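Descriptive structure summary
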Amino acid sequence: MKLLEDRIEKDKVVLPGGVLKVDSFLNHQIDPVLMREMAREFYRLYKDEGVTKVLTIEASGIGIAVPCAEEFGVSVLFAKKAKTANLSDEVYTADVFSYTHKTQNKIFVSKQYLNESDRVLIVDDFLANGQALLGLIDLVRAAGATVVGAGIAVEKGFQNGGKIVRKMGIRVESLAIVDEMKEDGTLSFRKQ
Ligand code: 5GP
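The notes below deal with the structure included here. A quick note: this is a predicted structure, and the numbers were derived from the prediction, not measured.

In terms of helices and strands, the chain carries six helices and ten strands. Relative to the 2.2 N^0.38 estimate, which gives 16 Å for 192 residues, the radius of gyration of the chain is 16 Å and therefore close to what a compact globule would have. Dimensions of the chain along its principal axes, counting C-alpha atoms only, are 50 × 35 × 30 Å. Relative to its full complement of 192 residues, the chain shows a buried share of 46%. Look at the contacts in the chain between residues 6 or more apart in sequence, and 61% of them connect residues 24 or more apart. In the form shown here, the chain has an accessible surface area of approximately 9700 Å², with 49% of it arising from carbon and sulfur atoms. With 26 positive and 27 negative side-chain charges, the chain shows a spacing of 2 Å between the two charge centroids.

Let's shift gears to the nonpolar core. The biggest cluster of nonpolar side chains holds 32 residues, and the ones touching the most others in it are Leu4, Ile8, Leu20, Leu26 and Met38. Taken together, the elements giving at least two residues each to this core come down to helix H1 (2-11), helix H2 (23-27), helix H3 (32-46), helix H4 (62-72), strand E7 (119-127), strand E8 (146-156), strand E9 (172-181) and strand E10 (187-189). With residues up to four places along the chain from it excluded, the contact list for leucine 26 reads Met35, Met38, Ser60, Asp125, Phe126, Ala153 and Val154. Ala94, Val109, Leu136 and Ile170 belong to the second largest nonpolar core, which has 26 residues in total.

Between the first and last C-alpha of helix H5 (residues 131-142) there are 16 Å, a value that for twelve residues agrees with the 16 Å anticipated at 1.5 Å per step. Those residues of H5 that sit buried are Leu133, Gly135, Leu136, Ile137, Leu139 and Val140.

With that settled, the discussion passes to the environment of valine 74. Structurally, the position occupied by valine 74 is in the loop between H4 and strand E4 (75-81). For the pair formed by valine 74 and alanine 94, sequence separation is 20 residues and the distance between their alpha carbons is 23 Å. Sequence-distant contacts of valine 74, that is, excluding residues within four places in its chain, are made with Val51, Thr52, Lys53, Val54 and Ala69.

Glutamate 58 connects to alanine 59 through a cis peptide bond whose omega is 0°. Relative to the assigned elements, alanine 59 resides in the loop between strand E3 (53-57) and H4.

With that settled, consider the sheet that holds E10. Paired through their backbone hydrogen bonds, the strands of a sheet run either parallel or antiparallel. The strand order E5-E6-E4-E3-E7-E8-E9-E10 describes an open sheet built from eight strands, whose pairing is mixed. Sheet topology places strand E5 (91-97) and E10 at the edges, where each strand pairs with a single neighbour. Between one strand axis and the next, the sheet turns by 30° as a mean value, whatever way the strands run. Both E5 and strand E6 (residues 104-110) contribute to a ladder of seven bridges, which runs antiparallel.

What follows is about the site of the ligand. In the vicinity of the ligand, 16 residues are found, and the nearest of them are Leu20, Ala128, Asn129, Gly130 and Lys156. The backbone of alanine 128 places a nitrogen or oxygen atom 2.8 Å from an oxygen atom of the ligand. Between the ligand and lysine 156 there is a distance of 2.7 Å, counted from an oxygen atom to a side-chain nitrogen or oxygen. Elements supplying a minimum of two residues to the shell around the ligand: strand E2 (19-21), E7 and H5. It is E7 that provides the largest number of residues to the shell around the ligand, a total of four residues. Residues that form the shell around the ligand fall into these classes: seven nonpolar, six polar and three charged.

Contact pair H1 / H3: the axes reach a minimum separation of 10 Å and the direction vectors enclose 145°. Like other packed secondary-structure pairs, H1 and H3 cross with a definite hand, here left-handed. Each of Leu3, Leu4 and Arg7 in H1 lies in contact with H3, whose residues at this interface are Leu34, Glu37 and Met38. Along the lines of polarity and charge, the residues of the contact of H1 with H3 split into four nonpolar, no polar and two charged.

How each quantity is defined
- Residues numbered from 1 in each chain as written.
- Predicted model: local features only at pLDDT ≥ 70, side-chain atom pairs only at ≥ 80, totals over all residues.
- Heavy atoms only, no water.
- Helix = DSSP H or I, 4+ residues; strand = E, 2+ residues; numbered from the N terminus.
- Rg over C-alpha atoms; globule rule 2.2 N^0.38 Å.
- Buried < 20%, exposed > 50% of the residue type's maximum accessible area, 1.4 Å probe, protein only.
- Contact = heavy atoms within 4.5 Å.
- Areas by Shrake-Rupley, 256 points an atom, 1.4 Å probe, with all protein chains shown as cover.
- Lys, Arg positive; Asp, Glu negative; His and termini not counted.
- Charge placed at Lys NZ, Arg CZ, Asp CG, Glu CD.
- Core = buried A, V, L, I, M, F, W, Y, C linked by side-chain atoms within 4.5 Å.
- Expected span 1.5 Å × (residues − 1).
- Pairing = 2+ DSSP bridges.
- Axes fitted to C-alpha atoms, helices over the stretch in contact; angles between N-to-C directions.
- Near = heavy atom within 4 Å.
- Polar contact = N/O pair within 3.5 Å; in protein donor to acceptor, adjacent residues only side chain to side chain.
- Nonpolar A, V, L, I, M, F, W, Y, C, P; charged D, E, K, R; others polar.
- Left-handed = near helix turned anticlockwise from the far one by under 90°.

Structure follows, in structure tokens:
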């Protein structure tokens, strides 16, 4: 998506360790006009899939998931990061290793908000090694619901997450794929 690629080029900060910082419009300050355009694109891609719920993970996925769910006319459910190990029977849980914080977290959603009739579109800001996405897929499967696919704002194509999840037969649509990121800040986007 040209609009997103241009914005990444304009505002990006490339950090050591392959981290792309886009705090000015996605990960700290949020540009609602850009979020709306991205949401429309996810709707165009998944409109025939009978989506009943948009699932994301707190916190950065929520900004894009909300306008996306509005396009589909459904609710957003965001997985929470658990602060305690003893979660109740009322929740589905999955394990996620955080790329940015280098910690192992449990994530959970209430059983009340996800069930086997749901057709779930998973939305997130970044796809790197795929841990967050795999955890969200686990939650959907624990509920017996169906993953219709994933909508990702920025995929880092030089990491393995996209490959792993597509190999599982899950549709992944990324609005910008960064195939190369040099420490001097140069990026190359995959032609899509
Ligand atoms: P994964 O689980 O695919 O390894 O990483 C995805 C999660 O880590 C995303 O939810 C995102 O919050 C964070 N993340 C991974 N790589 C980056 C990055 O380069 N920049 C930012 N801002 N977040 C990232």
